[in-house]
Amino acid sequence: IKNSSILSTPGVLSVFLSLVSIPIHLEISGAESYGNYIVFHFLLIISIILNFGIGKSITVSINNVPKKNKEIGYHGLKYTLIVIFFLIIVFYLISFFKNFFSLSNLIPDEIFYIAVFGIIISVLYTSLEGILQGNQKFKSLSICNFIFFSLSISLPSISLLYFKNFLLNELVIFSIIIKFFTIILMLLIIYKENLISKSKNRILLINLRNNSRWLTLNNLLIQFYDLSDKYLV
């Protein structure tokens, strides 16, 4: 009963925060501001696909070979950083051509860079989530999920009660800061619990080769079916 209560509490709080934050945002900033705010978060959640199944593969690999959990976690982070490196290159090229062809008016530079940082955080979060889930750190993961997905969306909206002049950019930056704090918290948990260890083990690489395509497709379908209606409507 105690463990079930701990795990279910973030979900209950998430619903409560949504019921409070949405009317506040709509009343103070209007429907257009809230719509743009939610579409931005929709983009960040969809960007989890760019993790290419690394997070899920970490969880599967740790459960298949629990004695190698630390090595698998290490390689999961290494592959994630490689993906992030290539994403940065791609986004840099997009930014270059956007400015080269004078398309900055379509997507302001500030919004573009905020979105890029948010996408990188989301990709990294998915792999860290896989490490915690594979090592059965469900209580810590429950708290981190609550902060990353619920608090980061609801708290900026609630803050409009005190900062009524907050623009969309400022609300989004506030939200990204909360998400970044979650990443720091997860890294501290992983470090404190000693969940990663440097190794040349290739278990995760083999699983990624076998599973990354269907895991990426599965994540894409989950985002489409479970989240599209919620955010787009």
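Anything mentioned here points back to the structure above.
This one's a predicted model, so the numbers in the text were calculated from it and none came from an experiment.

**Notes on the packing of helix α2 (residues 31–46) against helix α7 (residues 168–192)**
- Here α2 crosses α7 at 35 degrees, and the two axes come no closer than 10 Å. Judged by the sense of rotation from one axis to the other, the crossing of α2 with α7 is right-handed. Note on element contacts: α7 touches α2 through Leu-168, Leu-171, Val-172, Ser-175, Ile-176 and Lys-179, opposite Ser-33, Asn-36, Tyr-37, Phe-40, His-41 and Leu-44.
- Broken down by class, the residue content of the contact of α2 with α7 amounts to 7 nonpolar, 4 polar and 1 charged.

**Describing the nonpolar core**
- Counting residues in hydrophobic clusters, the biggest one holds 47 residues, and the most contacted among them are Phe-40, Tyr-125, Leu-128, Leu-132 and Ile-176.
- If you list the elements that add at least two residues to this core, you get α1 (2–29), α2, α3 (54–64), α4 (69–100), α5 (109–134), α6 (138–158) and α7.
- Top contributing element to this core by residue count: α5, with 13 residues.

**Thoughts on α7**
- The end-to-end C-alpha distance of α7, which contains 25 residues, comes to 36 Å, matching closely the 36 Å that a straight helix rising 1.5 Å per residue would cover.
- Among the residues of α7, Leu-171, Val-172, Ser-175, Ile-176, Ile-178, Lys-179, Thr-182, Ile-183, Met-186, Ile-189 and Ile-190 are the ones counted as buried.

**Considerations on the packing of aromatic side chains**
- In the structure shown here, the tally under the stated rule is 8 aromatic pairs.
- Judged by centre distance (5.7 Å) and plane angle (75 degrees), the rings of Phe-85 and Phe-86 are edge-to-face.
- With 6.4 Å between their ring centres and 80 degrees between their planes, Phe-91 and Phe-112 make a pair best called edge-to-face. Highlighted residues: Phe-91 in helix α4 and Phe-112 in helix α5, separated in sequence by 21 residues.
- With relative accessibility at 13%, the residue Phe-91 sits in the buried group.
- The rings of Phe-91, Phe-112 and Tyr-113 are connected pair by pair, giving a single aromatic cluster.

Conventions and cut-offs
Residues numbered from 1 in each chain as written. Predicted model: local features only at pLDDT ≥ 70, side-chain atom pairs only at ≥ 80, totals over all residues. Heavy atoms only, no water. Axes fitted to C-alpha atoms, helices over the stretch in contact; angles between N-to-C directions. Helix = DSSP H or I, 4+ residues; strand = E, 2+ residues; numbered from the N terminus. Left-handed = near helix turned anticlockwise from the far one by under 90°. Contact = heavy atoms within 4.5 Å. Nonpolar A, V, L, I, M, F, W, Y, C, P; charged D, E, K, R; others polar. Core = buried A, V, L, I, M, F, W, Y, C linked by side-chain atoms within 4.5 Å. Buried < 20%, exposed > 50% of the residue type's maximum accessible area, 1.4 Å probe, protein only. Expected span 1.5 Å × (residues − 1). Phe/Tyr/Trp six-rings, centres within 6.5 Å; stacked < 30°, edge-to-face > 60°.

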